[in-house]
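# Per-entry structural report
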Amino acid sequence: MVRAALAGRKVGREPVPLATLVPAASVVAASALAVLPIVSASGWWPNLGLLMLLGWRMLRADAWPAWWAAPLGLVNDLLTGAPVGMSMALWTALMLAMDIIDRRTQWRDYWIEWLVAALLLAFAAWVEARVAALNGAPPLLTSTVPAAAIEILLFPLAAYAAMRIDRWRLGR
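What this report covers is the structure whose coordinates are included nearby. As a convention, each chain's residues are numbered from 1 in the sequence order in which they are written. For a predicted model such as this one, the threshold for reporting local features is a pLDDT of at least 70, and the threshold for listing and counting side-chain atom pairs is 80 or more; totals across whole chains, interfaces and linings nevertheless cover every residue. Each side-chain value is derived from all of the structure's non-hydrogen atoms; neither hydrogens nor water enter the calculation.

The next thing to look at is the packing of aromatic side chains. Both the distance between ring centres and the angle between the ring planes are used here to describe each pair of aromatic rings. Only centres within 6.5 Å qualify two rings of Phe, Tyr or Trp (six-membered ring in Trp) as a pair; their planes then separate them into stacked at under 30 degrees, edge-to-face at over 60, and tilted for everything else. With the rule as written, the count across this model stands at 5 aromatic pairs. Ring plane angle 20° and centroid distance 5.7 Å describe the contact between Trp111 and Trp114, whose orientation is recorded as stacked. With a gap of 3 residues between them, Trp111 and Trp114 both fall in helix α6 (residues 110-134), about one helical turn apart. The secondary structure listing takes helices from DSSP runs of H or I that are at least 4 residues long and strands from runs of E that are at least 2 residues long, numbered from the N terminus.

Before going further, it helps to spend a moment on helix α4 (residues 69-80). In an α-helix, one turn spans 3.6 residues, which is why side chains three or four residues apart end up on the same side. Between its first and last C-alpha, α4 extends 16 Å over 12 residues, near the 16 Å set by a 1.5 Å rise per residue. When accessible area is computed with a 1.4 Å probe and restricted to protein chains, residues below 20% of their type maximum are described as buried, those above 50% as exposed, and intermediate ones as partly exposed. If you check which residues of α4 are buried, you get Ala69, Leu72, Gly73, Asn76 and Asp77. For α4, the arc enclosing every buried residue in end-on projection is 145°, short of the 170-degree limit, so these residues lie on one face. The contact criterion used throughout is that any non-hydrogen atoms of two residues lie within 4.5 Å. For α4, the elements touching its buried residues are α2 (22-32), α3 (48-59) and α5 (86-104). Once α4 ends, the next one or two residues include Gly81, with phi positive near 85°. In a helix, the anticipated span is given by 1.5 Å times the number of residues less one. When we speak of the arc, we mean the arc of directions from the helix axis to the C-beta atoms.

Compared with the 36 Å implied by 1.5 Å per residue over 25 residues, the 36 Å span of α6 between its first and last C-alpha is a close match. Buried within α6 we find Trp114, Val116, Ala117, Ala118, Leu120, Leu121, Ala124, Ala125 and Val127. Where α6 is buried, its residues meet α3, α5 and α7 (141-170). Backbone geometry just downstream of α6 places Gly136 in the positive-phi region, at approximately 105°.

A word on the side chain of Glu151. Position of Glu151 relative to the elements: it lies in helix α7. Neither His nor the chain ends is counted toward charge; the positive residues are Lys and Arg and the negative residues Asp and Glu. Only one rule defines a salt bridge in this text: a Lys or Arg side-chain nitrogen within 4 Å of an Asp or Glu carboxyl oxygen. Despite its burial, Glu151 pairs with no opposite charge; the closest candidate is Arg130, at 16 Å N-O. Here the side chain of Glu151 touches Asn47 through a polar contact of 2.8 Å, landing on its backbone nitrogen. When neighbours within four sequence positions are excluded, Glu151 is seen to be in contact with Pro46, Asn47, Leu51 and Leu121. Between N or O atoms, a polar contact is any pair within 3.5 Å; within protein, one atom must be a potential hydrogen donor and the other a potential acceptor, and residues adjacent in sequence are included only when both atoms are from side chains.

With that settled, consider the pattern of salt bridges. A complete count under the given rule lists 7 salt bridges for this structure. With a closest N to O distance of 2.7 Å, Arg60 and Asp166 form a salt bridge. With Arg60 in the loop between α3 and α4 and Asp166 in helix α7, this residue pair connects regions lying 106 residues apart in the sequence. Across the pair, Asp166 and Arg60 agree in class, each one buried. Where Glu113 meets Arg108, a salt bridge forms, and the shortest distance between an N and an O atom there is 3.5 Å.

Below you can see the structure in the form of structure tokens.
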């Protein structure tokens, strides 16, 4: 007899209701963390919505189509105060880049995923700094580089959170 049956656990649970919306809701919830009243004079707050989006995309390519990045980016723009359209375009470009990377690679392990995420997060930080410079902000490496480093170091946590939410979502 299977050990799961002996343990009294419910085998073969159903997914939670509206399980297809859970990944998007978790990205919106991560973006909404920017609304918390945390004061930072230097702007080192990481883009948690982008981290969660990449965590989900690395975990499950089939969680949503690439076009869902645009509405999620709009929500992120509205919640974080970024110029409207920046996250929409950037997140869509990152999702398309992830699709290309998925088609080109035969396999990925933990370190390769972290490297890919680090490159994508560094690119996103660079694009955000360039857009800020176009809007008249001085190009400060003292705020861009630490924010990108924090995002890169937080990626494993975002991937772990996406994995735990996915287990709950699918009823495993």
